[in-house]
Amino acid sequence: MRTRLLALAVLLLLAGCSSGGTRDDGRITLRFQSLAWQEESVEANQRLVKEWNASHPDVRVEYVQGSWDSVHDQLLTAFEGGEAPDIIHDASDDLADFAYGGYLADLSGLLPARLKADIPQRSWQTTTFGDGVYGVPFLQEPRVLIANATWLRKSGVRIPTPGKPWSWAEFRRITERLSGPGKYGVAWPLKEPVSATLNLSLSAGGQLFHRGPDGKVTVRFQAGDQVVPRTVHDQANTDRSASPTTLGSGGSDTLPGFFAGRYAMVPLGFSYRQQIVQQAPKGFDWQVLPAPAGAGGLTQGVSPQTLSIAEDCPHKKEAAEFLDFFLRPPNMVRLALGDWMLPTGNEALKDPALHRTKDGWATGTALAGHLSPAPAQSVRGYPEWKDKVATPALQEYYSGAIGIAELRRRLEEDGNLVLARYQR
């Protein structure tokens, strides 16, 4: 019994030490919950925390490992229980309800001018809700085409560049040309179809969400919004140039077939290049191509990774100072390289390491100026609209189960009923 009581006392002491605040010796402790998960990314994050702690003995940052899989529910529970981390790693499309709910600190008056000026206004828009700024957008990734370079070279098709990309119509023709018995020009991994569809639709002039003078948002599925869905649908159901089996798959699920020569191209997030480098068979020749362009050029939506400060954090000034250190241009480059993504900061984007042709870095960096806030960025009720309306509707459309008219009806009529509940 005495042993159990001693163990319990130690656990309680450790729990007390792990929470943010001021210790008896006057030293401030800030808890930083990171969602880094790849080995290189975790190492970069932890090294920066160690460097901060070595140079700031009075303000210690404690690294806490989180998970993307459960971050929203975990944070909501922590906020409501008064146990939220002081510094929070998340994504901009997850911030709206937390910002409007009063759980996140407004950073407008806390961040240094250097950091505000270094990150473009279009990126700040992803974390601005109402009159406040509730996160620092620091990493982002475009969607690109990962292609079998040998296959494309032998086919003789025109290879697109950021300066001269394929149009969506040309992309469809090329995937049909690349297809054959047991082989497909493209494999669309659309297990989660909404984000990919909406973000790529910006290139075709799509907008989908329209905010009226009263501030209320309605869904209108217009011609520009239909270009990408129609392309995917026709590739899978008419041309047979897109593998029908990958429509319900995640990005990683398509890589074995890609390496085996079943698919010429796979549209993926830029960070998937790390998995390809690690998993590709010896001698497999691949390259990064820009996503197709339309009326909106190479524009596409992104939801950057963000760093926020909890409203309940008792040391917001010190937390903001840590963010300034963590996101200095050289450090932002280290974080981007560790995550195989792009930094949002203009100075970091100039780093030569991000302009190498090796592993497609230069192609991705050339797309940075075309990245815009995701269409659903500030739409309240978007998570429910996505889960209950858009995801099943798009999945059924891409599989050929419903037509474009029914897709439009469900996105607009059913979708607007959901959104209306959040805008009364």
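Please refer to the structure higher up on the page.
Residues numbered from 1 in each chain as written. Predicted model: local features only at pLDDT ≥ 70, side-chain atom pairs only at ≥ 80, totals over all residues. Heavy atoms only, no water.

Caption draft 1: The arrangement of unusual backbone geometry in detail. The backbone of R240 sits at a positive phi, close to 60°, despite the residue not being glycine. Structurally, R240 is set in the loop between α10 (223–237) and α11 (255–259). Residue class for R240 comes out exposed when judged on its relative accessible area of 54%. Residue W340 is not a glycine yet carries a positive backbone phi of 55°. Among the secondary structure elements, W340 is positioned in the loop between α14 (329–339) and β16 (342–343). (Helix = DSSP H or I, 4+ residues; strand = E, 2+ residues; numbered from the N terminus. Buried < 20%, exposed > 50% of the residue type's maximum accessible area, 1.4 Å probe, protein only.)

Caption draft 2: Quick peek at the pairing of strand β3 (residues 59–65). Pairing geometry for strand β2 (residues 28–34) and β3, over 7 bridges, is parallel. Looking across to β3, one finds that I28 is bridged to V59. Once you follow β2 into helix α2 (residues 39–55) and on to β3, the crossover reads as right-handed. (Pairing = 2+ DSSP bridges. Right-handed = clockwise from strand over helix to strand, strands pointing away.)

Caption draft 3: Representation of the nonpolar core. Judged by nonpolar contacts, the single largest core of 47 residues is most densely connected at L152, W188, F209, M265, W385 and L407. It is helix α17 (residues 382–399) that contributes the most residues to this core, 8 residues altogether. Apart from residues lying up to four places away in sequence, L407 is in contact with F221, A393, L394, Y397 and I402. Membership of the second largest hydrophobic core comes to 39 residues, among which are A44, V136, C313 and L335. (Core = buried A, V, L, I, M, F, W, Y, C linked by side-chain atoms within 4.5 Å. Contact = heavy atoms within 4.5 Å.)

Caption draft 4: Spotlight on α14. Looking only at α14, the buried set comprises N331, M332, V333, L335, A336, G338 and D339. A positive backbone phi angle near 55° is found at W340, which sits one or two residues after α14.

Caption draft 5: Structural detail: the pattern of salt bridges. If you walk through the whole model with that rule in mind, you get 18 salt bridges. For the salt bridge of E62 with R60, the shortest nitrogen-to-oxygen distance reads 3.7 Å. Note on R60: relative accessible area 28%, which makes it partly exposed. Residue D239 pairs with R172 through a salt bridge whose shortest N-O separation is 2.6 Å. Placement of the pair is D239 in the loop between α10 and α11 and R172 in helix α8 (residues 168–178), with a sequence separation of 67 residues. A network of salt bridges, in which partner residues are shared, links E406, R409, E413 and D414. (Salt bridge = Lys/Arg side-chain N within 4 Å of Asp/Glu carboxyl O.)

Caption draft 6: Local environment of a negative patch on the surface. Together, D106, D131, E311 and D312 line one region of the surface with negative charge. Checked against the element boundaries, D312 lands in the loop between β15 (305–309) and α13 (316–326). The exposed category is assigned to D312, whose relative accessible area is 61%. (Patch = residues over 30% accessible without salt bridge, like charges linked within 9 Å, V, L, I, M, F, W, Y side chains within 5 Å. Areas by Shrake-Rupley, 256 points an atom, 1.4 Å probe, with all protein chains shown as cover. Lys, Arg positive; Asp, Glu negative; His and termini not counted. Charge placed at Lys NZ, Arg CZ, Asp CG, Glu CD.)

Caption draft 7: Quick look at the environment of F138. Turning to its location among the elements, F138 is positioned in strand β7 (residues 136–140). For F138, a relative accessible area of 3% corresponds to the buried category. Along the sequence, F138 and P314 sit 176 residues apart, while their C-alpha atoms lie 24 Å from each other. Look past the residues within four positions of F138 in its chain and what remains in contact with it is H89, Q305, T306, L307, L327, M332, L335, L342, P343 and T344.

Caption draft 8: Broad picture of the packing of α2 against α14. Packing of α2 against α14 leaves a shortest axis separation of 7 Å and a crossing angle of 155°. In terms of axis orientation, α2 runs roughly antiparallel to α14. By crossing handedness, the relation of α2 to α14 is classed as left-handed. Judged by residue contacts, E40, S41, A44, N45, R47, L48 and E51 of α2 engage N331, R334, L335, L337, G338 and D339 from α14. (Axes fitted to C-alpha atoms, helices over the stretch in contact; angles between N-to-C directions. Parallel < 35°, antiparallel > 145°, perpendicular 65-115°, else oblique. Left-handed = near helix turned anticlockwise from the far one by under 90°.)

Caption draft 9: Representation of the packing of aromatic side chains. Counted under the stated rule, the structure contains 23 aromatic pairs. Between F171 and W188 the ring centres are 6.3 Å apart and the planes differ by 80°, which places this aromatic pair in the edge-to-face class. Residue F171 is located in helix α8, and its partner W188 is located in the loop between β9 (184–186) and α9 (193–201); the two are separated by 17 residues in the primary sequence. Judged by relative accessible area, F171 falls into the buried class, the value being 0%. W188 gets classed as buried once you look at its relative accessible area, which sits at 3%. Seen from their ring centres, F322 and F326 are 5.3 Å apart, and the 35° between their planes marks the pair as tilted. (Phe/Tyr/Trp six-rings, centres within 6.5 Å; stacked < 30°, edge-to-face > 60°.)

Caption draft 10: Fine view of helix α3 (residues 71–80). Inspection of α3 places V71, L75, A78 and F79 among the buried residues, and these make up the whole buried set. Within α3, the buried residues cover an arc of 100° as seen down the axis, which keeps them to one side. Looking at α3, the residues exposed on the side facing more than 90 degrees away from the buried face are D73, T77 and E80. Buried positions along α3 lie against β2, β4 (87–91) and α4 (96–100). Taken from the residues just after α3, G82 is the one with a positive phi, measuring 70°. (Arc of directions from axis to C-beta.)

Caption draft 11: Region of interest: the packing of α9 against α17. In the contact formed by α9 and α17, the axes pass within 8 Å of each other and the chain directions differ by 85°. As the angle between them shows, α9 and α17 are arranged roughly perpendicular. For the pair α9 and α17, the contacting residues are P193, V194, S195, T197 and L198 in the first and Y382, W385, K386, A390, T391, L394, Q395 and Y398 in the second. Each residue belonging to the contact of α9 with α17 can be placed in one class, and the counts come to 8 nonpolar, 4 polar and 1 charged. (Nonpolar A, V, L, I, M, F, W, Y, C, P; charged D, E, K, R; others polar.)

Caption draft 12: How the structure looks around the sheet that holds strand β8 (residues 143–148). Spatially, β9-β12-β8-β13 is the arrangement adopted by the 4 strands of the open sheet, whose pairing is mixed. In this open sheet, the two strands that pair with only one neighbour each are β9 and β13 (286–290). Across the sheet, the mean angle separating the axes of adjacent strands is 30° when strand polarity is ignored.

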